[in-house]
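# Examination of the molecular architecture
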Amino acid sequence: MSVNITLLLIMGALYAAGIYLLLERSLTRVVLGLAMMTNATNILLLATGGYEGLAPLFNADIPPEDYNDPLPQAFILTSIVISFSVTAFMLGIIYRSWVLGRQDEVQDDIEDRRVASQSSYDAEDDADVPEDTTEFTPAEEAEEAPGSQRGAGTGTTGEAKQ
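Report on the accompanying structure. Every chain's residues receive numbers from 1 upward, in the order its sequence appears when written. Two thresholds apply to this predicted model, a pLDDT of at least 70 for residue-level local features and 80 or more for giving and counting side-chain atom pairs, whereas whole-chain, interface and lining totals are computed over all residues. Side-chain measures here rest on the full set of heavy atoms in the structure, leaving out hydrogens and waters.

## A word on the overall build of the protein
Put simply, DSSP H or I for four residues or longer makes a helix, DSSP E for two residues or longer makes a strand, and each gets a number counted from the N terminus. Of the regular secondary structure elements, the protein holds five helices and zero strands. The helix and strand sequence of the protein, counted from the amino end, reads α-α-α-α-α. Here the protein, with 162 residues, has 14% of them falling under the buried criterion. Here the analysis covers contacts within the protein between residues at least 6 apart in sequence; of these, 54% occur between residues at least 24 apart. Surface accessibility in these figures is a Shrake-Rupley result with a 1.4 Å probe; residues are shielded only by whichever protein chains are displayed. For the protein, the accessible area works out to roughly 13,200 Å², and carbon and sulfur atoms hold 60% of it. Burial status follows relative accessibility: with a 1.4 Å probe on protein chains alone, a residue under 20% of its type maximum counts as buried, one over 50% as exposed, and anything between as partly exposed. When checking whether two residues touch, look at their non-hydrogen atoms; a contact exists if any pair is within 4.5 Å.

This is the structure in structure tokens:
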């Protein structure tokens, strides 16, 4: 299978520009970066289908290698739907951010800065954990324990012991 080099160059440029825009603090640029990356992904999926072929409708006279693979086309359609929903969600976030704060940039959160400046040591998380942490009695000790149900079950005929 060979791939069109032009599609690969366009895809690489879209990925590079999309990642650059995703790292910006402006939400509008983030949406533009997501749009570029989804278009690059669509081109990548298109390139996986190989060169064009016949429509994937069965005909006994056509050899199987002449058909086009419909799976990448289905993936592209799914990718378009997902990118549309993510873009709509991001536009909703941008709109809400604009209504509340009249700004488009993501600001530093004071609580995030405070948590990041703390030590990573946590006494509870970093404590030694004993090997046996169960609160249940082991099976060997349960047979001997008073009030145990192990020996007081049903008899061999299915009737309860008295």
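Having seen the model, we can carry on.
## Describing a nonpolar patch on the surface
Within the patch definition used here, like charges are joined within 9 Å and nonpolar side chains (Val, Leu, Ile, Met, Phe, Trp, Tyr) within 5 Å, considering only residues with over 30% relative accessible area and no salt bridge. Should a side-chain nitrogen of Lys or Arg be within 4 Å of a carboxyl oxygen of Asp or Glu, the pair is scored as a salt bridge. Nonpolar side chains collect at one region of the surface, where Val3, Ile5, Leu8 and Leu9 lie side by side and expose about 350 Å² of accessible area between them. Secondary-structure assignment places Leu9 in helix H1 (residues 5-22).

## Let's talk about the nonpolar core
The biggest cluster of nonpolar side chains holds five residues, and these are Leu27, Val30, Val31, Met90 and Ile94. Of all elements in the fold, only helix H2 (27-48) and helix H3 (71-101) reach the threshold of two or more residues within this core. The dominant element in this core, judged by the number of residues it contributes, is H2, at three residues. When residues no more than four places from it in sequence are discounted, the contact partners of Ile94 are Leu27, Thr28, Val31 and Asp104. For this analysis, a nonpolar core means a set of buried residues of the types Ala, Val, Leu, Ile, Met, Phe, Trp, Tyr and Cys, connected via side-chain atoms within 4.5 Å.

## Considerations on the pattern of salt bridges
Tallying each qualifying case throughout the model produces two salt bridges. One salt bridge in this structure joins Arg29 and Glu24, with 3.5 Å as the shortest N-O distance. Owing to a relative accessible area of 25%, Glu24 belongs among the partly exposed residues under this scheme. Salt-bridge contacts for Arg114 lead to Glu111; the nearest nitrogen and oxygen are separated by 2.4 Å.

## Some thoughts on the packing of H1 against H2
Interhelical geometry of H1 versus H2 gives an angle of 155° and a closest axis separation of 7 Å. Overall, the two elements H1 and H2 adopt an arrangement that is roughly antiparallel. Here the hand of the crossing between H1 and H2 comes out left-handed. Each axis is a line fitted through C-alpha atoms, taken for helices only over the stretch in contact, and angles between the N-to-C directions span 0 to 180 degrees. Any angle between 65 and 115 degrees counts as roughly perpendicular, while under 35 counts as roughly parallel, over 145 as roughly antiparallel, and the rest as oblique. Working rule for handedness: look at the near helix, and if it is turned counterclockwise from the far one by less than a right angle, call the crossing left-handed; if clockwise, right-handed.

## Section: the packing of H2 against H3
Put simply, H2 and H3 touch, their axes get as near as 10 Å, and they point 180° apart. With respect to each other, H2 and H3 are oriented roughly antiparallel. Any residue outside Ala, Val, Leu, Ile, Met, Phe, Trp, Tyr, Cys, Pro, Asp, Glu, Lys and Arg is labelled polar, Gly included; the first ten of those are nonpolar and the last four are charged. For the contact of H2 with H3, a count of residues per class yields 15 nonpolar, eight polar and no charged.

## Some thoughts on the side chain of Ser26
Position of Ser26 relative to the elements: it lies in the loop between H1 and H2. Judged by its relative accessible area of 16%, Ser26 is buried. Counting of polar contacts relies on pairs of N or O atoms within 3.5 Å, with two restrictions inside protein: one atom must be capable of donating a hydrogen and the other of accepting it, and residues adjacent in sequence are counted only when both atoms are side-chain atoms. Within polar-contact distance, the side chain of Ser26 engages the side chain of Asp104 at 2.9 Å. Residue contacts for Ser26: discarding those within four places in its chain leaves Asp104 and Glu105.

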